[in-house]
Amino acid sequence: MLKTIKRTIKDVWGFLKSPSDQQATVQSKQEKIRILSSLLAIGIPIMMPLSVLIGNFDKLGWVKAENHQVALLLDLAPVWLVLLLVVIIIPFIEEIIFRLFLRFKRNYLLQMIISAFPQTKTYILNFWNKNFGYIFYLSALGFALIHITNFDSGSTIPYLFPILVLPQFITGLFTGYLRVRYNFMTGYLLHALHNAVFITIALLSVNKEPSKQKLNIITDEYSLKIEEVKRTNTSYINNYNQDSIIFTGTDFKNIISTLTKKDVDLIISNNEDLLSKKITLSFKNKSSESLNKDTIILEHLSNVYSFRTELKRSRQKVYLLYVEDSLKLFKHSSQSNGAMKNVYTSVSSRNIKFENTTLDQVAKALGNAYKKRFESDNGLSKAFNMQVPNGNFSRLEAILKTDYGILLKEVESEVEYLYIRFPEGI
C-alpha cells in the first residue's frame, strides 16, 4: 500500500506542476480503485490538522462554528437527510459545476460554440491546451471560494477565509485530477467519500455529548423537567399556554427572554457562554387553579444555575425605524393584515426574510441579528413582507431606504435591561 501511495503522490504532483487535458494510460477498474484509495489515504491526514486548526479558531472566538451551514443543517434536519445532502446530492451538483467541464470533449458549452462556428475549433482547442493549467486551478479556486458562504461573515475574521477554505481547495485539486486523468465518477466518489468521513466525525463529536438532566420535580401542583441537550436538537417552543410550556433545544437566553417578556438584546450577563447553553424544559400545571408558571420556572432555573437577576438602566444607542416614504413601504403590505398565525421570520447568514410581520417585530428580529437596539418609531399595527441583508449594516440601511422607504435614525435613549449574574468560576 505504501508503494502505491508513493506512486500516486508522484503522479499527482507531476500533474499539478503542469496540468494537461490528458487521461491516464491505464483506465481499468482496479487502477481507479487504487488511485481513489490512495488519495483518500493522502487527503484525510492533510485535512485533519486543518480541521483542528479551524476548531481552535472557534475556541478563540475568531470563527463561530455553530453558525456554519453544516452545523445549522445538523440542527434542523434528521441525520439521514444530512447524509443524503452532504454525501450524495451536494457533491454531485458541485462536481457538475466545477469539474465536468475540465475535459475538452465533455465541455458542452465549448462544443456548442464549435458546432455553431466550426471554423473556431482550432483556435479554441489551442487556447484550451495552452491555458489549461489556469483553467484547472481556477476551477479549484472557485470551488473553494464558494464554501466561504458556509461561514457566518458577521462572526468570522475576514483574513481567516483563505485558511477556512483551504480544505476545499485541496479537495478541488484532488477531485479535479481524478476527473481529468480518469473520469467524472471517480472524482465524484472521492468527493462523496471525503464528505462522508468528515460528516461522520462531526456527527460522532456531537452525539458524544449526552443530554444532562438538571432537574426533575413533581409536586401536587406542577411538574418541571430541565435538561441540557446537545446541539443537534432543533430549537423551538412547541407549547406555551396557561397550563404548560415546553422548550426544545432552546438556548438559555431565549428561555429567559420568554419568561421575563424581555427582548433578547436587553438580556446581558457576566457569563455569555452559560446563556448560550441549549436547554429542553417542560412545565405542566397539575392543579385546577392557575399558576404563575413563569415565576415558578425562573425560581427553579435560578436555583439550578445559581444566578440572580437585576434590572438596570443605561443610555444606549438606538436605531429607530422611521417611515420616510409610506408609499414605498405600503407596496409591501401583507394581505393577512397581521394575523399572528401567519407571522414568519427566516434568518440566514445572508438575509432576513419577514412575512406578515409588523415593524415592531422587524425591529426585534434586527436587534437579535445585529446585536444592536432597534425600535419602531411609528406604532403601525399593519403587517408587511420584507427581505433585508444580514451581517452588513450599511447595506441594511440602503435597502431599508431604497426598497421600503424606512430611515434608520440613530438616537440615544435610556433603556432598561436585565442583568443575569452567575457565580464566578462556574
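Read on for a plain summary of the structure. (Residues numbered from 1 in each chain as written. Predicted model: local features only at pLDDT ≥ 70, side-chain atom pairs only at ≥ 80, totals over all residues. Heavy atoms only, no water.)

What the protein contains, in helices and strands, is 16 helices and 12 strands. Of all intrachain contacts in the protein linking residues separated by at least 6 positions in sequence, the fraction that spans at least 24 positions is 73%. (Helix = DSSP H or I, 4+ residues; strand = E, 2+ residues; numbered from the N terminus. Contact = heavy atoms within 4.5 Å.)

In terms of nonpolar packing, the biggest core is built from 31 residues, with Phe-15, Leu-39, Phe-136, Phe-174, Tyr-177, Leu-178 and Leu-190 touching the most fellow members. For this core, the secondary structure elements donating two or more residues are helix 1 (2–17), helix 2 (29–59), helix 5 (108–116), helix 6 (121–130), helix 7 (132–146), helix 9 (166–181) and helix 10 (184–207). At 7 residues, the largest contribution of residues to this core is made by helix 2. Ile-245, Leu-274, Phe-283 and Leu-418 belong to the second largest nonpolar core, which has 25 residues in total. (Core = buried A, V, L, I, M, F, W, Y, C linked by side-chain atoms within 4.5 Å. Buried < 20%, exposed > 50% of the residue type's maximum accessible area, 1.4 Å probe, protein only.)

We note that Lys-261 has phi near 60°; this positive angle belongs to a residue other than glycine. In this fold, Lys-261 is placed in the loop between helix 11 (252–260) and strand 5 (267–269). Given the relative accessible area of 58%, Lys-261 is considered exposed.

The subject of this paragraph is helix 7. Helix length check: helix 7 (15 residues) gives 21 Å between terminal C-alpha atoms against 21 Å at 1.5 Å per residue, within 8%. Here helix 7 has its buried residues at Phe-132, Ile-135, Phe-136, Ser-139, Ala-140, Phe-143 and Ala-144. (Expected span 1.5 Å × (residues − 1).)

Let's shift gears to the side chain of Ser-269. With respect to the element layout, Ser-269 can be found in strand 5. On the basis of relative accessibility, which here comes to 12%, the residue Ser-269 falls in the buried class. Within polar-contact distance, the side chain of Ser-269 engages the backbone nitrogen of Asn-271 at 2.9 Å. A polar contact of 2.9 Å, which involves the side chain of Ser-269, links it to the backbone oxygen of Ile-420. Apart from residues no more than four positions distant in its own chain, Ser-269 is found in contact with Leu-275, Tyr-419, Ile-420 and Phe-422. (Polar contact = N/O pair within 3.5 Å; in protein donor to acceptor, adjacent residues only side chain to side chain.)

On to the sheet that holds strand 9 (residues 351–357). Pairing within the open sheet is antiparallel, and its 3 strands lie in the order 8-9-11. Among the strands making up the open sheet, the edge pair consists of strand 8 (344–347) and strand 11 (384–389). The mean angle between the axes of side-by-side strands here comes to 5°, regardless of whether they run parallel or antiparallel. In this sheet, strand 11 lies alongside strand 9 in antiparallel orientation, the contact comprising 5 bridges. Residue pairing across strands places Asn-351 opposite Pro-389, the latter belonging to strand 11. Helix 15 (residues 359–370) contacts strand 8, strand 9 and strand 11 of the sheet and is inclined by roughly 160° relative to strand 9. (Pairing = 2+ DSSP bridges. Axes fitted to C-alpha atoms, helices over the stretch in contact; angles between N-to-C directions.)

Time to look at the packing of helix 2 against helix 9. Two elements in contact, helix 2 and helix 9, have axes whose closest approach is 10 Å; the angle formed by their N-to-C orientations is 170°. By the angle between their directions, the pair helix 2 and helix 9 is classed as roughly antiparallel. Contacts between helix 2 and helix 9 involve Ile-35, Leu-36, Leu-39, Ile-42, Gly-43, Ile-46, Met-47, Leu-50 and Ile-54 from the first element and Leu-166, Pro-167, Ile-170, Thr-171, Phe-174, Tyr-177 and Leu-178 from the second. Per-class residue counts for the contact of helix 2 with helix 9 are 14 nonpolar, 2 polar and no charged. (Parallel < 35°, antiparallel > 145°, perpendicular 65-115°, else oblique. Nonpolar A, V, L, I, M, F, W, Y, C, P; charged D, E, K, R; others polar.)

Once that is clear, we can look at the sheet that holds strand 10 (residues 373–376). Read from one edge to the other, the open sheet built from 4 strands follows the order 5-12-7-10, with strand pairing classed as mixed. Each of the sheet's edge strands pairs with one partner strand only, and the pair in question is strand 5 and strand 10. Going from strand to strand, the sheet's axes swing by 40° on average, the running direction of each strand aside. As paired elements, strand 7 (residues 308–323) and strand 10 share 4 bridges and run parallel to each other. Paired with Val-318 across the strands is Arg-373, a residue of strand 10. On top of the sheet, helix 11 reaches strand 5 and strand 12 (406–421); it is set at about 130° to strand 5, its chief contact. Strands in contact with helix 16 (residues 393–404) are strand 7, strand 10 and strand 12; relative to strand 12, the strand with the most contacts, it is inclined by about 130°.

This part covers the pattern of salt bridges. All told, the structure shown has 18 salt bridges when counted by the stated rule. Among the ionic pairs, Asp-11 bridges to Arg-181, the shortest N-O distance being 3.3 Å. Within this pair, whereas Asp-11 is found in helix 1, its partner Arg-181 is found in helix 9, the two being separated by 170 residues in sequence. Residue classification places Asp-11 among the partly exposed residues on the basis of a relative accessible area of 25%. Among the charged side chains, a network of salt bridges with common partners joins Lys-262, Arg-313, Glu-414 and Glu-416. (Salt bridge = Lys/Arg side-chain N within 4 Å of Asp/Glu carboxyl O.)

Let us look at helix 4 (residues 79–98). Helix length check: helix 4, at 20 residues, gives a terminal C-alpha distance of 27 Å against a target of 28 Å (1.5 Å per residue), a fit within 8%. Those residues of helix 4 not exposed but buried are Val-82, Val-86, Val-87, Pro-91, Glu-94, Glu-95 and Phe-98.

This paragraph deals with the environment of Leu-125. Relative to the elements of secondary structure, Leu-125 occurs in helix 6. Since its relative accessible area comes to 29%, Leu-125 is described here as partly exposed. Taking C-alpha positions, Leu-125 is 9.8 Å from Ile-114, a pair spaced 11 residues apart along the chain.

All right, on to a nonpolar patch on the surface then. Taken together, Trp-80, Leu-84, Ile-88, Ile-89, Ile-90, Phe-92, Ile-93, Ile-96, Ile-97 and Met-185 make up a surface patch of nonpolar side chains, about 890 Å² in accessible area. Looking at the nonpolar patch element by element, the count peaks at 9 residues for helix 4. (Patch = residues over 30% accessible without salt bridge, like charges linked within 9 Å, V, L, I, M, F, W, Y side chains within 5 Å. Areas by Shrake-Rupley, 256 points an atom, 1.4 Å probe, with all protein chains shown as cover.)

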